[in-house]
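Report on the structure
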Amino acid sequence: MTQSASAWRGRGAIAALVCLFGLGASAARAADAPAPQFADGAASFQANCAVCHGAAGTGLPSLAPPLTSYPARYAASPEGRLQLAMTVLYGLFGEITVEDKHFDFKMPDFSRLDDATLAATLNFVVFDLGHAPASVKPLAAADIAAERAQPVDGAAVREHRKTVAPVTP
């Protein structure tokens, strides 16, 4: 094994330990939290999203942004709701800014999941993690199905995001 390969393995092991320790701490804090309003969405989030966004949706520095503010704001408008559906269906890649922090990543698409699961996952993010007000209507499987009928790629999702994301100087 070369020195370079050995160094990469060492870094990978350290990164894995940091991730496991960080996720374990988040999971312990989550155990103290009240039961989620969208339990099916919580299970899907933990299985599909928590590895990058963290168990509590607070994001992981230099990897994935937090989901505790923007999705709740997005869910309050038709274009924002479209953005949420597009993001989970088709992924998102390229540079974005969230809460004044820059991320350049590739979120995978989750189109393999059914419409009801994606809606429940988004509702967990919007209401349980993002604490959207009661005036915001939960997303329905029909909202996801309508967007699934008009496929785009992750670059188009990022471009659409510019129309709904807060602009930072």
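Heads up: the structure comes first, above all this text.
Rules used throughout
- Residues numbered from 1 in each chain as written.
- Predicted model: local features only at pLDDT ≥ 70, side-chain atom pairs only at ≥ 80, totals over all residues.
- Heavy atoms only, no water.
- Helix = DSSP H or I, 4+ residues; strand = E, 2+ residues; numbered from the N terminus.
- Buried < 20%, exposed > 50% of the residue type's maximum accessible area, 1.4 Å probe, protein only.
- Contact = heavy atoms within 4.5 Å.
- Areas by Shrake-Rupley, 256 points an atom, 1.4 Å probe, with all protein chains shown as cover.
- Pairing = 2+ DSSP bridges.
- Core = buried A, V, L, I, M, F, W, Y, C linked by side-chain atoms within 4.5 Å.
- Salt bridge = Lys/Arg side-chain N within 4 Å of Asp/Glu carboxyl O.

1. Considerations on the overall build of the protein chain
Assigned secondary structure in the protein chain consists of 8 helices and 2 strands. From first element to last, N terminus to C terminus, the protein chain shows the α and β order α-α-α-α-α-β-β-α-α-α. Expressed as a percentage of the 169 residues in the protein chain, the buried residues total 41%. Considering only residue pairs separated by 6 or more positions, the protein chain has 65% of its internal contacts joining residues 24 or more positions apart. Surface accessibility of the protein chain: about 9,500 Å² in total, with carbon and sulfur atoms responsible for 63%.

2. Focus on the pairing of strand E2 (residues 101-107)
Sheet topology note: the strand E1 (residues 92-98)/E2 ladder contains 7 bridges and is antiparallel. Looking at E2, one finds that Leu92 is bridged to Met107. Adjacent in sequence and paired antiparallel, E1 and E2 are bridged by 2 residues, among which Glu99 carries a positive phi angle near 50 degrees.

3. Looking at the nonpolar core
With 39 residues, the main nonpolar core has Phe45, Leu84, Leu118, Phe124, Val126 and Ile144 as its most contacted residues. Looking at this core, the elements that each hand over two or more residues are helix H2 (39-48), helix H4 (70-74), helix H5 (78-90), E1, E2 and helix H6 (115-129). Considering each element in turn, this core owes the most residues, 8 residues, to H6. Residue contacts for Leu84: discarding those within four places in its chain leaves Pro71, Tyr74, Ala75, Leu122, Val126 and Leu139.

4. Let's talk about the pattern of salt bridges
Evaluated as defined, the whole model comprises 4 salt bridges. A salt bridge links Arg81 to Asp143; the shortest N-O distance between them is 3.5 Å. Of the two residues, Arg81 is situated in helix H5 and Asp143 in helix H7 (residues 141-148); the sequence distance between them amounts to 62 residues. For Arg81, a relative accessible area of 16% puts it in the buried group. The closest approach of N and O atoms between Arg158 and Glu159, which form a salt bridge, is 3.5 Å. Among the ionic contacts, a cluster of salt bridges with common partners joins Arg158, Glu159 and Lys162.

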